[in-house]
Each structure stands twice: as structure tokens, then as C-alpha cells.
Amino acid sequence: MPAHPLTPVAVNPASLPAPSGYSHGTLSGNTLHLGGQTALDADMRIVPGGIVEQFRQAFSNVLATLAEAGGVPEDLVSITIYLTDIPDYQAHGREIGEVWRELAGPVYPAMAGIGTTALWQPEAMIEILGVAVIPDERLRPAR
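It should be emphasised that the depicted structure is a prediction, and the values quoted were computed from it without experimental measurement. (Residues numbered from 1 in each chain as written. Predicted model: local features only at pLDDT ≥ 70, side-chain atom pairs only at ≥ 80, totals over all residues. Heavy atoms only, no water.)

Draft legend 1. Looking closely at the sheet that holds strand β5 (residues 110–115). The sheet built from 6 strands is open, its strands ordered β1-β2-β3-β6-β4-β5 with mixed pairing. Every interior strand has two partners, whereas the edge strands, β1 (9–11) and β5, have only one. Between one strand axis and the next, the sheet turns through 15° on average, direction left out of account. As paired elements, strand β3 (residues 31–37) and strand β6 (residues 126–133) share 5 bridges and run antiparallel to each other. Bridge pairing in β6 places His-33 opposite Val-131. (Pairing = 2+ DSSP bridges. Helix = DSSP H or I, 4+ residues; strand = E, 2+ residues; numbered from the N terminus. Axes fitted to C-alpha atoms, helices over the stretch in contact; angles between N-to-C directions.)

Put into C-alpha cells, the structure is as follows:
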């Protein structure tokens, strides 16, 4: 029997580290809730290079989950960015904006930046989560 269209379905791209105790995303109907992504690479290490490179990796991880469900950056309706050092992020805002436009184009969803004292991995400086609404014609059911 097929799942009800609003039954939450895990979305876990093979390109990201296998989750344990969480999902990279959860799809309910056309709404994809994107779980928090830090700058973990495929080897489960936080990328070096500072806030700009950590933003690039964390946002790429978010976009990989979005793509797995058939979404594109324009489908993002909300992004929340948790930061351990807001002044560092602000000091690199122009570079981070360039990375955003490179990866997602000129569309910006509703956003929030929130300062925090620590993230799951001690060396993580940033964690990004979001919500997307994917049109039926592009929606890809979980495999």
C-alpha cells in the first residue's frame, strides 16, 4: 500500500555521509524540511579554510538534499544559519554572497542568522537548515 502523501519520508542522498539517528531531509507532501548541515565532507571531516569554505560546504550539503527530492534552489522558502562567530561571518559577507549566487543564483528565501556558542562538531563554525516547497512536476519520491 503506498504511503499517504503527507506521511513523512526520509531524504538521504548517497553523496552525503550516511545519517545515524537523523535524516538529511524529511519530505511531507511537497514540503521538504532540510536538516541542519555543517561543513562535513564525504570523509566526515569539517572542511578547512574558514567561514567561507565552511559556508560553501554546508550550503552544498543542503542543496544536495534538495536536489535528491527534485528541488532546485528557487524552491527554498526559508533558510536558518547558525553561527559560532557572527562578526567573522559579517566580515566575509561579500564572499559568502558570491558563493550563494554561484551555487543558488540570485534568489534569496526568508532567512535568519542566529549566534550560538557551539555546534555538534567542535570545529564547525556554521550550520544551515531550511524548508523548500517543490512543485509536483519536479518532485521525486524517495527511493
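Having seen the structure, we can now continue with the description.
Draft legend 2. Structural view of the environment of Phe-59. Relative to the assigned elements, Phe-59 resides in helix α1 (residues 51–68). Sequence separation between Phe-59 and Leu-129 is 70 residues, and the spatial gap between their C-alpha atoms is 8.7 Å. Setting aside residues up to four positions removed in sequence, Phe-59 forms contacts with Leu-76, Ile-79, Trp-100, Leu-103, Ala-104 and Ile-128. (Contact = heavy atoms within 4.5 Å.)

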